[in-house]
Amino acid sequence: MTNERAKFGSRFGLILATAGSAVGLGNIWRFPYMAGNNGGAAFILVYIGCVLLLGIPCMISEFIIGREGASNTARAYTKLSNGTAWKYIGFMGVLTGFLIIGYYAVVAGWCLQYIFASAAGELQGDPKYVAGYFSEFSASPVKPVLWTVAILVITHLVVIRGVRGGIEKASKMFMPTLFVLLLGLVVASCNLPGSGAGVEFLLKPDFSKVDSGVFLGALGQAFYSLSIGMGCICTYASYFSRRTNLLNTAVHISLVDTMVAVLAGLMIFPSAFSVGIAPDSGPSLIFMTLPNVFQQAFTHLPLVGYIVSIVFYVLLSLAALTSLISLHEVCTAFFLEEFRISRLRGATFVTVIACVVGALCSLSLGHTDLQLTIFGKSVFDALDFVTGQILLPFGGFLTCLFLGWYVPKKIVKDQFTNWGTLRGALFGVYLFCVRFVCPICIMLIFLNQFGVI
Ligand code: TRP
């Protein structure tokens, strides 16, 4: 079984595919805002600290479980746990995957719609009009659902082509395109008059703003941005070869992810500051604030403004798509192996369920009469909350305890050092992080989120 298992074809492809999972909406709509408002370069330093001390060890842990288990997330945890209750972490990961796909696909669908809307010049108008356009569009019953289905079908078409011919190939196309587009937008944005203030806002270190809340915010962001806590990384790692250097790979992926996040800030703040608009975060930043920023920043060069706006939504769609592919693959690999069905069937099953969850999410935003609410929140907000604030940190926490304390140290060390072929000088540091630093810090984020500390 292990020999038959698909593998990524090259190291470059493997890093791009995994980085594709990590680089997503989180990098673009949340990181810049958090950095700008929480001390600029000081926040970025704290963030990098969180990535090094928590993100990378947790990522390596998922790598180890995935490569050792050489199967989908649920089975990988089951194998390593010898059937004890630890196996449920893997099942929880697959479930979390379904829930995240649901709302993530809705937002990705909005990005697709906005490519066409900006190309058709529909986003031109005063701020009130643009905000109204978004509220009306996102609450309408049919269009957003169709876009959600469209992005899921594109994801489906990639996933059914398998690991090498689908996921790896798509990542090799999408990720370099994403970089080029992002760099183009950074250059356009930083050349605007008055853009220096935006660069300063993002990068000027202000250590007085860094308090425990900022620290915990950075931690949560690092987790979400690196796709940790539900088995995305674990599933991809099951396609790694025995020669893949896990530490080195985790460092590369984190570097790419952090670089994209900082570049996203250098794209958003300079243009926003040049026209005096205060940027926010989340959907309102991307779908309400930025269309106006682009419009006003390039009033003298309307064609450039027009192109920048289209390119921006293409960039967002690509970032969201590669993350969706990884989420889809977690669930597809599960059905494929657990029910022994073909990849096509497994993927179809996942796509259909994801379309239903996505449609419910989308409809919950506009149709209060349908009562699509869970605990008083719309399905969309509830899924975002339950996954991001509860299931992901919980999954990461349990994974650290599992790997740090339950899985035999020999297995962990063999994986870390590629069966003794690498020196593994940092193994001790890694193990210390996984055993103590990560669980304690994740616990703190958790308690902080519920206002206990
Ligand atoms: N990391 C992605 C982003 O920054 C989102 C994502 C994809 C994710 N797969 C995940 C988050 C798995 C947590 C777990 O947008």
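As shown above, the structure is provided for reference.
Counting of residues starts from 1 at the beginning of each chain's written sequence and follows it residue by residue. Thresholds applied to this predicted model are a pLDDT of at least 70 for local features of residues and 80 or more for the giving and counting of side-chain atom pairs; totals over whole chains, interfaces and linings are not thresholded and use all residues. Calculated side-chain values reflect all of the structure's heavy atoms, with hydrogen atoms and water omitted.

J.: Where do I start with the overall build of the protein chain in this structure?
T.: Helix and strand content of the protein chain: 19 helices and 2 strands. Projected onto the principal axes, the alpha-carbon positions of the protein chain cover approximately 65 × 50 × 45 Å. Here the protein chain holds 453 residues, and 57% of them are scored as buried. Whether two residues are in contact is decided by their heavy atoms, any of which lying within 4.5 Å being enough. If you take every contact in the protein chain between residues at least 6 apart in sequence, the share linking residues at least 24 apart comes to 81%. Areas reported here follow the Shrake-Rupley algorithm with a probe of radius 1.4 Å; residue values treat only the protein chains shown as occluding. In the form shown here, the protein chain has an accessible surface area of approximately 17,700 Å², with 68% of it arising from carbon and sulfur atoms. Distance from the positive charge centre (27 side chains) to the negative charge centre (19 side chains) of the protein chain: 14 Å. Each helix is a run of DSSP H or I of at least 4 residues and each strand a run of E of at least 2, with the numbering of both proceeding from the N terminus. Exposure is judged per residue with a 1.4 Å probe applied to protein chains only, and the accessible area is read against the type maximum: over 50% gives exposed, under 20% gives buried, and values in between give partly exposed. Counted charges follow a simple rule, with Lys and Arg positive, Asp and Glu negative, and His plus the chain ends left uncounted. Every charge is mapped to an atom, namely NZ of Lys, CZ of Arg, CG of Asp or CD of Glu.

J.: Just to check I follow, could you spell out unusual backbone geometry for this structure?
T.: For residues that are not glycine, phi is negative in most cases, and the peptide bond is trans in most cases. Even without a glycine there, the phi angle at serine 227 is positive, about 60°. Inspection of the secondary structure puts serine 227 in the loop between helix H11 (212-225) and helix H12 (232-237). The residue arginine 340 is not glycine, and still its phi comes out positive at about 50°. Locating arginine 340 in the fold gives a position in the loop between helix H15 (302-338) and helix H16 (343-366).

J.: Explanation requested: the environment of leucine 25 in the structure shown.
T.: Locating leucine 25 in the fold gives a position in helix H2 (residues 25-29). With relative accessibility at 2%, the residue leucine 25 sits in the buried group. Taking the C-alpha atoms as reference points, leucine 25 and alanine 261, separated by 236 residues in sequence, lie 9.7 Å from one another.

J.: Honestly, helix H8 (residues 143-159) in this entry has me stumped. Any pointers?
T.: Since there are 3.6 residues in each turn of an α-helix, residues three or four apart along the chain are aligned in direction. Each helix should span, by expectation, one fewer than its residue count multiplied by 1.5 Å. An ideal rise of 1.5 Å per residue puts 24 Å on 17 residues; H8 measures up with 24 Å between its terminal C-alpha atoms. Of all the residues in H8, the buried ones are Pro144, Val145, Trp147, Thr148, Ile151, Leu152, Thr155, His156, Val158 and Val159. In this structure, the buried residues of H8 make contact with helix H6 (88-119), helix H7 (127-139), helix H9 (162-190), H15 and H16.

J.: Could you clarify how one ought to interpret empty space enclosed by the protein in this entry?
T.: Any space left empty among the atoms is revealed by the rolling of a water-sized probe across them. Points on a 1 Å grid over protein atoms alone make up a cavity when a 1.4 Å probe fits among them but cannot get out, and a pocket when they form an open set with protein on both sides within 12 Å along at least five of seven lines; lining residues each have an atom within 4 Å of a point. Grid points are joined across faces, edges and corners, and a volume is the space filled by probe spheres set on the points. Throughout the structure, instances matching the rule amount to 3 cavities of 30 Å³ or more. As for the largest cavity, its lining consists of 19 residues, and the residues nearest its centre are Ser21, Tyr104, Tyr224, Ser227 and Leu327. When the residues that make up the lining of the largest cavity are grouped by side-chain class, the tally is 11 nonpolar, 8 polar and no charged. Side-chain classes follow a simple rule in which Ala, Val, Leu, Ile, Met, Phe, Trp, Tyr, Cys and Pro form the nonpolar group, Asp, Glu, Lys and Arg form the charged group, and the remainder, Gly included, forms the polar group.

J.: It is not clear to me how the pattern of salt bridges should be interpreted in this structure. Could you clarify?
T.: Any two side chains of opposite charge can pair if their charged atoms end up close together. Between Lys or Arg on one side and Asp or Glu on the other, a salt bridge is scored when a side-chain nitrogen of the former is within 4 Å of a carboxyl oxygen of the latter. What the rule picks out here adds up to 5 salt bridges. The salt bridge involving glutamate 338 is made with arginine 75; its shortest N-O contact spans 2.9 Å. Remark: arginine 75 occurs in helix H5 (residues 73-81) and glutamate 338 occurs in helix H15; sequence separation between them is 263 residues. Given a relative accessible area of 27%, glutamate 338 falls into the partly exposed group. Here lysine 410 makes a salt bridge to aspartate 414, at a shortest N to O gap of 2.7 Å. Linking lysine 410 with aspartate 414, this pair stays in helix H18 (residues 409-416), spanning 4 residues, or about one helical turn. Assessed through its relative accessible area of 58%, lysine 410 is described here as exposed.

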